[in-house]
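# Tertiary structure, described
Single-letter residue listing:
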Amino acid sequence: LVDVLMRAWVVHLEDALQAARAASARHRRLIRARLIIDAQGFGIANIRYLPILRNVIALGKQYYPEVTATVTVLRAPSAAAQLFKLVRPLLTPLMVEKISILGEDFQEGLLSHAGLDVSVLPTWLGGSAVGHGIVDPSPIPVGAGAALRGT
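This section reports on the structure supplied with the text. (Residues numbered from 1 in each chain as written. Predicted model: local features only at pLDDT ≥ 70, side-chain atom pairs only at ≥ 80, totals over all residues. Heavy atoms only, no water.)

## Quick word on the overall build of the chain
Note the threshold: To qualify as a helix, a DSSP run of H or I must reach at least 4 residues; to qualify as a strand, a run of E must reach at least 2; elements of each kind are numbered from the N terminus. Partly exposed residues are those whose accessible area sits between 20% and 50% of the maximum for their type, while under 20% is buried and over 50% is exposed, using a 1.4 Å probe and protein chains only. Every residue pair with non-hydrogen atoms within 4.5 Å of one another is taken to be in contact.
Per the secondary structure count, the chain includes 6 helices and 3 strands. Each helix and strand of the chain, placed in order from N terminus to C terminus, yields the pattern α-β-α-β-α-α-β-α-α. Along the first, second and third principal axes, the C-alpha set of the chain runs to 50 × 35 × 30 Å. The buried share among the 151 residues of the chain stands at 31%. Of the contacts formed within the chain by residues at least 6 apart in sequence, a portion of 70% connects residues at least 24 apart.

Right under this line is the structure:
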């Protein structure tokens, strides 16, 4: 399942890179992505996935360093802030500057960090954006990894 998710992450980064290139050409200035992560439900038990997160970070640092302008984590519990402390040494100073961890009351932080008004978020995050390819998230079903391996 991790391999499938990593490939999906690469596809997402490639899509963001191509979209940013096209937008940059249209606007005749550099356009970069603003990544929004919903951390609701993240808990201390997720620390066991730190090695996978290291791989995700390494991939982004090596192949896509300029795709993302900001990474804003919303609805983050205190465990997310603790994880960030563990991950921070793996990041470059520029990457640390790009990241903001915000709790449930994130509207002001989202605007000051990413320059985004909450209205551009999907409705399930308190915004009003519909369409534009934004869909409600779905949990990964139990046993999905076994189904992908064909077992």
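After that view of the structure, there is still more to cover.
## Considerations on the environment of Phe-106
Examined against the element boundaries, Phe-106 turns out to sit in the loop between strand S3 (99-101) and helix H5 (107-114). In the structure, Phe-106 is positioned 32 residues away from Leu-74 in sequence and 6.4 Å away in space, judged by C-alpha atoms. Ignoring sequence-local partners within four residues, the contact set of Phe-106 consists of Leu-74, Arg-75, Val-118, Leu-121 and Leu-125.

## A look at the nonpolar core
Under the convention used in this document: Put simply, buried Ala, Val, Leu, Ile, Met, Phe, Trp, Tyr and Cys residues joined by side-chain atoms within 4.5 Å make one nonpolar core.
Residues Leu-74, Leu-102, Phe-106, Leu-110, Ala-114, Leu-116, Val-118, Leu-121 and Leu-125 constitute the largest nonpolar core, which totals 9 residues. Contacts of Leu-121, omitting those with residues within four sequence positions, involve Ile-36, Leu-74, Phe-106, Leu-110, Gly-127, Ser-128 and Ala-129.

## What to know about the sheet that holds S3
What counts, and what does not: Here, any two strands with at least 2 DSSP bridges between them count as paired. Inter-axis angles, ranging from 0 to 180 degrees, are taken between N-to-C directions of lines fitted to C-alpha atoms, where helices are fitted over the stretch in contact.
Judged by pairing direction, the sheet is parallel, and its 3 strands sit side by side in the order S1-S2-S3 without closing on themselves. The sheet is open, and its two edges are formed by strand S1 (33-38) and S3, each paired on a single side. Put simply, the sheet's adjacent strands are angled 15 degrees from each other on average, direction ignored. Here 6 bridges tie S1 to strand S2 (residues 68-74), and the two strands are oriented parallel to one another. Paired with Leu-35 across the two strands is Val-71, which belongs to S2.

## A short note on unusual backbone geometry
Negative phi values dominate among residues other than glycine, just as trans dominates among peptide bonds. Located in the positive-phi region is Arg-28, a residue other than glycine, with phi close to 55 degrees. Its place among the elements puts Arg-28 in the loop between helix H1 (2-27) and S1. Overall, Arg-28 belongs to the exposed group, its relative accessible area being 77%. One non-glycine residue, Arg-75, lies in positive phi territory at about 55 degrees. Assessed through its relative accessible area of 14%, Arg-75 is described here as buried.

What is shown is where atoms sit, not what they do.
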